[in-house]
Amino acid sequence: MHENMESEQSLLVPSAVDSYAWGESNWEGPHPSHSTSQSSRNLPLICRPWRLWHRATLCFAGSRKASWRRYILGAAIVIIVVVIYSVSESSHRSLMSLVRGRPPESLFRCNNLANASLPRLRVPPKTIENRLREDPKVLLFTETRYSKTGKDITNILVANRIKYKMEVLGKSLPGLTNLSRGKYGTIIFENFERYLQIDPWNRELLDKYMRDYNVGMIGFMPSHEDTQVGAKLRGFPLYVHTNMALENISLNSENPVLQLTRAGGTITDNVPGSEWTVFSLDDPTYVPLEWGYSSVPHFSEEKLVSIILDKGDFDGISRVLFGNSLEFWLHRLLFLDAVSYLSMGRISVSLDRYVLVDIDDIFVAKKGIRMTADDVMALLESQNRLQEMVPGWKFNLGFSGKYYKNGYPEENVGDMTLLEHVNDFWWFGHMWGHTQPHLLTQTDLEEQMELNKQFAISHNIPTDSGYGVAPHHSGVYPVHEPLYDAWKKVWNVRVTSSEEYPHLYPARLRRGFIHRNIMVLPRQTCGLFTHTVFIDKYPGGREVLDASIHGGELFQTIVFSPVSIFMTHLSNYGNDRLALYTFESIIKFVKCWTNLNLRTVPPLQLGEKYFHLFPEERDPIWGYPCADRRHLEIWAKEKTCEQLPKFLVIGPQKTGTTALYTFLAMHPAIVANYPSPETFEEVQFFNGKNYYKGIDWYMKFFPVPANSSSKFLFEKSATYFEGETVPQRVRALLPSVKLVITIIPPSKRAYSWYHHMRAHNDLTALQYNFHEVITATEKMPRQLRTLRNKCLIPGMYAKHIERWLDYFPASQLTIIDGEELRNDPVYIMNDLQKFLNIEPFYNYTEHLRYDKRKGFFCQVIEEDKTKCLGRGKGRVYAPMNESDAKLLKEYYQPYNIALEKLLTRLDYPVPGWLEDELQ
Ligand SMILES: Nc1ncnc2c1ncn2[C@@H]1O[C@H](COP(=O)(O)OS(=O)(=O)O)[C@@H](OP(=O)(O)O)[C@H]1O
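Counting of residues starts from 1 at the beginning of each chain's written sequence and follows it residue by residue. With pLDDT at 70 or above as the cut-off, local features in this predicted model cover only qualifying residues; side-chain atom pairs require 80 or more to be listed or tallied, and sums for whole chains, interfaces and linings still use all residues. Side-chain calculation: all heavy atoms of the structure are included, whereas hydrogens and water are not.

J.: Quick question: what am I supposed to make of the overall build of the protein chain here?
T.: In terms of helices and strands, the protein chain carries 31 helices and 28 strands. Each of the 919 residues in the protein chain was classed as buried or not, and the buried ones make up 55%. By definition in these notes, contact holds between two residues if any of their heavy atoms fall within 4.5 Å. Sequence-distant contacts in the protein chain: of pairs separated by 6 or more residues, those separated by 24 or more amount to 76%. Only runs of H or I of at least four residues qualify as helices and only runs of E of at least two qualify as strands under DSSP, and these elements are numbered from the N terminus. Relative accessibility thresholds used throughout: buried, under 20% of the residue-type maximum; exposed, over 50%; partly exposed, between the two (1.4 Å probe, protein chains only).

If you want it as structure tokens, here you go:
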């Protein structure tokens, strides 16, 4: 009875402190394979069934002595429990926790850590800032656009933000006419044999460039299926053996190329298979970078060199030759070092790496997989060990107060223990109830955040980190403006992170941006998710996680990203503590094989650091939300891509764009944007400050079409045409939009624009006459030069159209002759309807009529009534004087020649006025 009572009390006790005592005093006899340190972590999950069994057997057996009945009953209960548990996943986890052993430990031992040597730098690596200023590129010759090594090379270059130019090798060597000084720092041949086959004239040109400007070369030996022994490399005192398999790979720690890479020891695992080309070392001018041994009997004792450095002693050109591809992780590091060495340090990556580990969902995890007090202590111990390897290391904890103490009793103690050590960690606010922000209004968001903040204050959790994270990245990107508002208001958030910008995959392309003064940093994935809590249940097995750490994805993420923010979850720190295993292992591995300076700083500092390194990323590029399933899932339900325009009239100014806009808006199936209070019929989103207001702002200019597919939304902003960044931005948000361009004689356009500025009382235009504007030199006042540029630059039509064609296929673009629009608008509108594929066909003959008084075609309102454009369109001004016309004709001639070529190329008719201009 006494025992019964004790059990009853224990089961009901909600207090975490009591459950501790209970855990120790009720431990009856030995229990499966749990070490002492583990026992208290698992007690309740073990003791609950144990107690139930004990009580039940007393009822069934009536006396303690009837032990055989107890065992039969016990066995039956165990079978029932196992069956029930095995059909439920969450129960399965609990069962797993009953039988699990010690958390995994890193098996990795660095066999060269003690002999750590400082990197030997031929030249100090240039910082990213320097690199961007000097801006030398890599020139890459690939076999095809899609070849494997070529892709590996470009992926590494992109991940490290190294600029490159890719030339696909045809029969001859392309691109050699443009080898200007300082343009390239390193030249790479994806297939070194193609370099050896270049005709002597081109070869001499290329070699001279490399010699004259100290540009080195990287070459990859292609894999050979046939075995050659001691084959001589054409033109070099080098002998190769092909189709070898290497094992026991090591680096020559004395070689001068190593910079980022450290010779961490010998690699015996995961070395990619055969088909290596290896070099025999007969010539002392060559320095081996990497070597290994082959199991082929003839070579078994011989050290075979797999990457070789030619310091330029042979023919004045430095070269690094890889006997194998970049499939092997170590080669990826050496590749970056080779680029740096061969470019004399001009293309180098910095050795500083910032790593921040967020533990999201603190207090949120399900019962049974949360942290216990032991787990918290293990977290602290791990943090201490990590601090020894990475200065400043602290885990960054994101909490949702609503779920505080929502676990089993010993997990609630875990929650309390975390708060006892509140000052040992960094903290940031998650959502109070872990709701996705895109589902909430601003009021709800503020309320939720306020609750979490109050929770923080009452539990002494710091609230001033300036960092915030949204569940599932919702609201961060695609942007849910209320989230940004609420974050600023309640938490003063200034930095956040997301995996979704511009897209989750490919991860190497994730970038940062700043929206409304909140820095959004790219997040990386470390391979741990809420459901990966036991090592033996890791998807694909432990080997998969270990491979990611030992040179694989996680390792390369840290090596190739100057700033890595990893998301982990509370459950990764309980259970098998996979996060501790992962991070301690990866840090050791990085320290073993690289010379990187690893650091951790709080998120706000990290944000500042990031945008200092990559200022060009500050401006966002808004993407099309409907192309990405994940983006759609975290986009507010009421938003629809049907509210985005299907075509744009992009200008340039003064070519008849308003007339075109008006005629289009008459069409029953076409819907124009709502007018803007500042810029009237034009939205001017993609070309100026409005862009930073985000796409919610843009979409408000368009109605949500009732019958979406049949309506053609469009907008016209005539300054889009010449905007440098506009085509890229339009392409990102409206990838399938159609573009309408109108052109008239460029000198006429310039003159009309000048009068437009005068009519708008532009002071500079009023102060200077047309001649003074178009002939203004660089010595003239800034306002005059600005006016001159705006007047003349849009008329360089071919240049701007080519820029649009860099981002859009010609099929999405149409070029209208503005003179024809003016003289025969019906013809143009019929043509345009065909280009836009619009139905129903609208018969403009009945709706446009020439108005003698206005001198232009106008909209027919009634039988005898027309509506023309206002006084601002079709202005009356004196004709341009002849000398200015002549001057402009000469000025625009090269652009007009290019335009004629472009139109012919695109199969457009050449306007009569262009033929006249070119005569
Ligand atoms: N139907 C009709 N009605 C009125 N005006 C017409 C028409 N068709 C073409 N045009 C010519 O359009 C010129 C104005 O061009 P935009 O509308 O592109 O100018 S703006 O950039 O929007 O300010 C305007 O230039 P100006 O003559 O210099 O005023 C007109 O020549």
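Next comes the rest of the description.
J.: Explain the pairing of strand β13 (residues 396-399) here, please?
T.: Residues in a regular strand point their side chains to alternate faces of the sheet. Of the two faces of β13, the one holding Asn396 and Gly398 and the one holding Leu397 and Phe399 are both buried throughout. Paired strands, as defined in this entry, are two strands with at least two bridges between them according to DSSP. Note that strand β12 (residues 352-362) and β13 share 3 bridges and pair parallel. Residue Ile359 lies in a different strand from β13, and its bridge partner there is Leu397. Orienting the strands away from the viewer, one traces the path from the first strand over the helix to the second; a clockwise path indicates a right-handed crossover. Remark: the β12/helix α11 (residues 373-389)/β13 crossover connection has right-handed handedness. As paired strands, β13 and strand β14 (residues 426-429) are joined by 4 bridges and run parallel to one another. Looking at the pairing, Leu397 lines up with Trp427 of β14. Note on the crossover from β13 through helix α12 (residues 409-420) to β14: the handedness is right-handed.

J.: Where do I start with the sheet that holds strand β17 (residues 518-522) in this structure?
T.: In sheet architecture, strand pairing relies on hydrogen bonds along the backbone and comes in two forms, parallel and antiparallel. On the basis of which strands lie adjacent, the open sheet formed by 3 strands has the order β15-β17-β16 and mixed pairing. Two strands lie at the open edges of the sheet, namely β15 (495-498) and β16 (513-515), each paired on one side alone. Averaged over all neighbouring strand pairs, the angle between strand axes comes to 30°, with direction disregarded. As paired strands, β15 and β17 are joined by 4 bridges and run parallel to one another. Following the sheet pairing, Ser498 is matched in β17 by Pro522. Note on geometry: axes are C-alpha line fits, over the in-contact stretch for helices, and angles between N-to-C directions span 0 to 180 degrees. The strands touched by helix α18 (residues 603-613) are β15, β16 and β17; relative to β17, the strand with the most contacts, the crossing angle is about 80°.

J.: Would you mind going over the layout of surface pockets with me for this structure?
T.: Remark: the empty space left among the atoms is shown by a probe the size of a water molecule rolled over them. By volume, the largest pocket is sized at about 1200 Å³. Residues are said to line a cavity or pocket when one of their atoms sits within 4 Å of a point; the points come from a 1 Å grid over protein atoms alone, cavities being sets where a 1.4 Å probe fits but cannot get out and pockets being open sets with protein on both sides within 12 Å along at least five of seven lines. Around the largest pocket, the lining comprises 43 residues; the ones closest to its centre are Lys654, Thr658, Gly872, Lys873 and Gly874. Those elements that place two or more of their residues in the lining of the largest pocket are α20 (657-666), α23 (746-759), α28 (818-823) and β27 (856-862). The nonpolar class holds Ala, Val, Leu, Ile, Met, Phe, Trp, Tyr, Cys and Pro. Asp, Glu, Lys and Arg form the charged class, and all remaining residues, Gly among them, are polar. Residue composition of the lining of the largest pocket, by class: 16 nonpolar, 16 polar and 11 charged. Grid points are joined across faces, edges and corners, and a volume is the space filled by probe spheres set on the points.

J.: Whenever I open this one, the packing of α11 against helix α17 (residues 578-593) confuses me. Can you help?
T.: A packed helix pair is summarised by two numbers, namely the angle formed by the two axes and the spacing between the axes. With their axes 10 Å apart at the nearest point, α11 and α17 run at an angle of 10° to one another. If you check the angle between α11 and α17, you find them roughly parallel. Residues Ala378, Leu379, Ser382, Arg385, Leu386 and Met389 of α11 touch α17, and the partners they reach there are Leu580, Phe583, Glu584, Ile587, Lys588 and Lys591. Its residues assigned to classes, the contact of α11 with α17 comprises 7 nonpolar, 1 polar and 4 charged. Throughout this description, any angle smaller than 35 degrees is read as roughly parallel, any larger than 145 degrees as roughly antiparallel, any in the 65 to 115 degree range as roughly perpendicular, and the remainder as oblique.

J.: Sorry if this is basic, but what is going on with the site of the ligand here?
T.: Around the ligand there are 20 residues in total, and Thr657, Thr658, Ser752, Gly874 and Tyr877 lie nearest to it. A 3.5 Å cut-off defines polar contacts: any pair of N or O atoms within that distance qualifies, except that in protein one atom must be a possible hydrogen donor and the other a possible acceptor, and neighbouring residues in sequence count only when both atoms are side-chain atoms. Thr655 places a polar main-chain atom, nitrogen or oxygen, 3.2 Å from an oxygen atom of the ligand. Thr657 is positioned such that a nitrogen or oxygen atom in its side chain is 2.5 Å from an oxygen atom of the ligand. Reported accessibility uses the Shrake-Rupley method at a 1.4 Å probe radius. Residues are deemed covered only where the shown protein chains occlude them. Coverage of the ligand by the protein chains reaches 94% of its 640 Å² of free accessible surface. Breaking the shell around the ligand down by element, the ones donating at least two residues are α20, α23 and β27. Near, as used in this document, describes a residue that has one of its heavy atoms within 4 Å of the molecule or strand being considered.

J.: How should the pattern of salt bridges be read in this particular structure?
T.: It is possible for side chains bearing opposite charge to pair when their charged atoms get close. Salt bridges are defined by distance alone: a side-chain nitrogen of Lys or Arg within 4 Å of a carboxyl oxygen of Asp or Glu. Per the counting criterion, the structure on display carries 34 salt bridges. The closest approach of N and O atoms between Arg319 and Asp315, which form a salt bridge, is 2.9 Å. One salt bridge in this structure joins Glu778 and Arg785, with 4.0 Å as the shortest N-O distance. By relative accessible area, which is 24% here, Arg785 ends up partly exposed. One salt-bridge network, held together by shared partners, links Lys148, Asp152 and Arg332.

By themselves, these observations are geometric and do not establish any function.
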